[in-house]
Amino acid sequence: MIDMRERVGPVGILTPEEVEEINADLSHYDNNRAVTIEALKIVQANRGWVSDESLQSIAAYLNLSAAEVEGVATFYNLIFRQPVGKKVVRICDSVTCWALGYEKIRDSLKAELNLEYGQTTQDGEFTLLPGPCMGACDHAPVLMVNNDLHEDVDEETAKEIVRKYGYKPQ
Ligand code: FES
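Below is a short write-up of the structure. (Residues numbered from 1 in each chain as written. Predicted model: local features only at pLDDT ≥ 70, side-chain atom pairs only at ≥ 80, totals over all residues.)

Helix H2 (residues 36–47) packs onto helix H1 (residues 16–26) with a crossing angle of 155° between their chain directions and a minimal axis gap of 10 Å. Comparing their axes, H2 and H1 come out roughly antiparallel. H1 and H2 meet at a crossing whose hand is right-handed. Note on element contacts: H2 touches H1 through Glu38, Ala39, Ile42, Val43 and Asn46, opposite Glu18, Glu21, Ile22 and Asp25. Looking at the contact of H1 with H2, its residues break down into 4 nonpolar, 1 polar and 4 charged. (Axes fitted to C-alpha atoms, helices over the stretch in contact; angles between N-to-C directions. Helix = DSSP H or I, 4+ residues; strand = E, 2+ residues; numbered from the N terminus. Parallel < 35°, antiparallel > 145°, perpendicular 65-115°, else oblique. Left-handed = near helix turned anticlockwise from the far one by under 90°. Contact = placed C-beta atoms within 7 Å. Nonpolar A, V, L, I, M, F, W, Y, C, P; charged D, E, K, R; others polar.)

Spelled out as structure tokens, the structure:
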């Protein structure tokens, strides 16, 4: 049995529930570093994104440097370091999707949502981002809304998809 008390530091702004979830992951690994991405996901699931304060608290709790945790957060593009909307729309901009119509979908959704990449609708509902290959190249072009994958999208179905998630055109 791993003694957690010897491995962890101050909790900072982490909630007791977050600490409990992180501890559950820590119990599976000898190395605190291995838990970094899970800790980031736990905090993001609770707060919607990972602020500097949250990141520093994770680092302190795992006895890692903030730079190490930031490095992991930067590497995984599903960790948001800025506030995002309730629905994050990510359009695959990797090579197959690019070749099969990515730019049309991007332009269609930018116009539909009236957003540039990285922006969020005023009601806090939708954020638009590019994303790397989503593992569905045989059904390119694709996009994701939160964890839902949408395949064989075109500029019209892209608009229909965001409307299904509650977007109301102005
Ligand atoms: S290139 Fe878009 S899913 Fe692979």
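So much for the structure itself; the text now carries on.
This next bit is on helix H3 (residues 52–61). Inspection of H3 places Ser54, Leu55, Ser57, Ile58, Ala59 and Tyr61 among the buried residues, and these make up the whole buried set. The inward-facing, buried residues of H3 abut H1, H2 and helix H4 (66–75). Once H3 ends, the next one or two residues include Asn63, with phi positive near 55°. (Buried ≥ 20, exposed ≤ 12 C-beta atoms within 10 Å, placed from the backbone.)

Here we take up the sheet that holds strand E3 (residues 143–145). Ordered by their spatial adjacency, 4 strands build an open sheet running E2-E1-E3-E4, and the pairing between neighbours is mixed. Of all the strands in the sheet, the pair left with one neighbour each is strand E2 (126–131) and strand E4 (148–150). With direction set aside, neighbouring strand axes in the sheet form an average angle of 20°. Judged from the 3 bridges that link them, E3 and E4 form a sheet pairing that is antiparallel. Residue pairing for E4: Val145 is matched across the bridge by Asp148. (Pairing = 2+ DSSP bridges.)

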